[in-house]
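Chain residues, written in single-letter form:
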Amino acid sequence: MKKVPEVNAAKCTYCQDCQLACSYYLTGRFNPAQARIRVGWEDGATIAFSEDCTACGECARACLYGAIREEGSRS
Amino acid sequence: MIRIKEVDLTSTTVLSRDREDKSLKKYLGGAGINLRLARDLIPQGVDPLAPENAVILGAGSVVGASVPGANKVLVTTKYPMTGTIGTGVAGMAFAGQMKWAGLDHLAVKGRSPKPVYLLITDDRVAICDASSLWGRDVYETTDFLRKKHSPQASVLAIGAAGENLVSLSLAMVDKVSSIGKGGLGAVLGSKNLKAVVALGTGGTRPADPQGYEAAVGPVRERIRNFSPRLQWVEEGIMRKWEYRAAGFIHKNWTRSFPLAEATELYGPEVYHHQAKKGRVACLSCPIAEKEILQVREGPFAGMVTYAGNFPGRVGNWGIRCGVGGYDRVVKCQDLANRSGLCAHSASALIDFALELYEQNILTNQDTGGLELKRDFATVHRLLEMIIAREGLGEVLGDGYQGLIRRFGGKVEEQAQHMKFMDFQKDARKTGLDSTEFAQVVNPRGGRHQSGGSVSAHRQPLEVLKEYAARTGVPASAFPRIFAPPYGFHVGRFTAHCEVWYSLMNCLGICTEAQLNQFYTLADCARIFSAVTGVPLAPEEMQSAGERVWTLLKMLNVREGFSRKDDRFPECWLDPLGNESEALFLTDNRGNQLGEEDLRTLLDGYYEEHGWDVPQGIPTLERLAELGLRYVS
């Protein structure tokens, strides 16, 4: 069981700050291409985590819309 | 190092033109470096649609590093609608992708023999064939290029209006954010440049990570702790309804539209039921200002399109042009977006043409037999004609200059414009605040954004003073701004608003009031220093903002513009028809203003900048102080 952030995609606005926070924490660079979270908006808001997400919670701390919260856990 | 690529579409060459960081200290990046490049790349007197005109794209200097509201791409060129040089601004993710690709600025000149698009990837710019895209609309083009390169790619594209060299054209970023009112679409179209795609995978890092946290952290906390913010996001852009709708005017700036009637037709409740689908934010924006629209019923049911400042679009299509309910307003907006046509310019010109027709100044002979009515069918048909440059549409598509050139006489007398650009705010309705005044003196044409936003709608003097202090207006200027006989000298105040606007456009931070309120001049200097590694004190940043605005002014002085062109629209000296009583031009305290007052306020504006008052242009001494003698 790996803890991953709890998401409410309906609140996501695609500001991409979660991707920036994730990549900065992991690589020291703001680089959405290296983020382990991916957001989209055109076909309905989506938030997805890659397999290697470490559940560090940086994305949740960066989200100003309440779309990602730290309390989730998923297998 | 400032990373610059220069593309010549005629010779199909791409050269690196990197500059040292000392230019960053002087011009701050973004709009500032764009203008410095424009000084060398846009020849004096050039035809905007000639291959020699340059288009310069720049990412704001702190974009891409999760700085709140920092997402702006700036585009500088000479515009066909006005013949002025100016800088357009858009959000979404284009500037971020430029930064992550390792590019700060992209200058494009020449003319490709066939349609092309530019692909910005990591440290590289490629010229790619766009033959199959020519004739496709903005949405189709964006979808195609994202499918081809990456769903994460950001796309700046033109539609048919740009391809057909319409002066009312612009470009669209990621389908949502418009840029380049005044004919950027036509300038790109003249170069056979259909789109620019940006896709970076290298990322960016602040030069001083510790300084970055210390500088950005407090701004982010201010935003997080600002309790109305999430309610704003929930309400979306319609939270500004009363402010926007109170300014609705139609019939060529002669009649105010009643607020109660506008609210009944298009107010927030109607909007939520009939048009709202959702909202989308620009990169790192905590406010989510862009709207996703969907028609609920009728012949266009299911149609999805996008808009920033949607109440303004209601004013354009619903109020000015009288197209009807939300389904038709959204349909007109969709056509404008897909064609890369400026909704504000097009609706202003159509409203003007309808008014001229109603007065029998334009006749069926002029319209090619088309009977002009304030209804959806007529307006949609006129839009199609403008986009295709067909019949009367060809004349309208060239803006006020086109109409005056074709019809002269009474048309010229009734044309309300600023440097031949339509404007958005009428001081008779709101009082002459800095946003209204800024339109008159903006070197590019009737754009209000450089006037800030806090002073709109007759704010108390205390609020104006707080704004001035926050944005770094020197204490020595306060006695000049807040002084008799007006109590608030809007001309002098606007001069300082322009400096703030200028430096924000260099950093790439949004100037929208709801976001901008979280920043001070000191914040900007700290963030700039930490992200770029170029140390800068607040006072130096203020001077750089003044330098950049003065450079913009000088590029237009070089084109022959001066005080004679900073003209208040004649209609402002006539009463505005209203429900119960006529509205007269007043200052923001409600005191009526006449021609002599306007001259005095203009005098103060030039004087505050340190410019020559009779000519309304920078003096040699002022240019020397700012390190701009080379542009005199």
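Not measured: the values here are computed from a predicted model.

## Here we look at the interface of chain A and chain B
1) Next: In this complex, chain A contributes 19 residues to the contact, which on the side of chain B involves 23 residues.
2) Next: No other element matches the four residues that helix α1 (residues 17–27) of chain A contributes to the side of chain A that touches chain B.
3) Next: Looking at the side of chain A that touches chain B residue by residue, the class counts come to 10 nonpolar, seven polar and two charged.

## Focus: the pairing of strand β16 (residues 290–294) of chain B
1) Next: Direction of pairing for strand β15 (residues 276–280) of chain B relative to β16(B): antiparallel, over a ladder of four bridges. For B:V280, the partnering residue across the bridge sits in β16(B) and is B:K290.

## Considerations on the nonpolar core
Residue and element names in this part refer to chain B.
1) Next: Counting residues in hydrophobic clusters, the biggest one holds 231 residues, and the most contacted among them are Y117, I120 and V197.
2) Next: A per-element tally of this core places helix α24 (residues 490–507) first, with 11 residues.
3) Next: Ignoring anything within four residues of it in the chain, the contact list for V197 reads Y117, L119, I120, L145, H149, A153 and V155.

## Considerations on helix α26 (residues 521–532) of chain B
All names here are of chain B.
1) Next: A rise of 1.5 Å per residue sets the reference length of α26, with its 12 residues, at 16 Å; its end C-alpha atoms lie 16 Å apart and thus fit the reference within 8%.
2) Next: Counting buried positions along α26 yields 10 of 12 residues, so the element is predominantly enclosed.
3) Next: Buried residues of α26: L521, C524, A525, R526, I527, F528, S529, A530, V531 and T532, and no others.
4) Next: Each element contacted by the buried residues of α26 is listed here: α1 (21–27), α7 (209–224), α24 and α27 (538–557).
5) Next: Positive backbone phi, at 80°, marks G533, one or two positions downstream of α26.

## What to know about the environment of B:L165
Residues and elements named next belong to chain B.
1) Next: Considering the arrangement of structural elements, one finds L165 in the loop between α5 (160–163) and β10 (171–173).
2) Next: In this structure L165 comes out as partly exposed when scored by C-beta crowding, with 19 C-beta atoms within 10 Å.
3) Next: C-alpha of L165 to C-alpha of I237: the two residues are 72 residues apart in sequence and 32 Å apart in space.
4) Next: Residue contacts for L165: discarding those within four places in its chain leaves L49, A186, G189 and S190.

## A word on the sheet that holds β16(B)
All names here are of chain B.
1) Next: The three strands lie next to each other as β15-β16-β17, forming an open sheet whose pairing is antiparallel. With one partner strand each, in any of the chains shown, β15 and β17 (304–307) form the two edges of the open sheet. Each strand axis lies, on average, 25° off the axis of its neighbour in the sheet, ignoring direction.
2) Next: Where helix α13 (residues 326–339) meets the sheet, its contacts fall on β16 and β17, and the angle it forms with β17 comes to roughly 75°.

## Examining the confidence of the model for chain B
1) Next: Confidence in the prediction for chain B averages 95 pLDDT; 99% of positions are at 70 or higher.
2) Next: Both confidence scores are given for the complex: pTM 0.97, ipTM 0.95.

Calculation notes
Residues numbered from 1 in each chain as written. Chains lettered and ligands numbered in written order. Predicted model: local features only at pLDDT ≥ 70, side-chain atom pairs only at ≥ 80, totals over all residues. Contact = placed C-beta atoms within 7 Å. Helix = DSSP H or I, 4+ residues; strand = E, 2+ residues; numbered from the N terminus. Nonpolar A, V, L, I, M, F, W, Y, C, P; charged D, E, K, R; others polar. Pairing = 2+ DSSP bridges. Core = buried A, V, L, I, M, F, W, Y, C linked by C-beta atoms within 7 Å. Buried ≥ 20, exposed ≤ 12 C-beta atoms within 10 Å, placed from the backbone. Expected span 1.5 Å × (residues − 1). Axes fitted to C-alpha atoms, helices over the stretch in contact; angles between N-to-C directions. pLDDT = per-residue confidence, 0-100.

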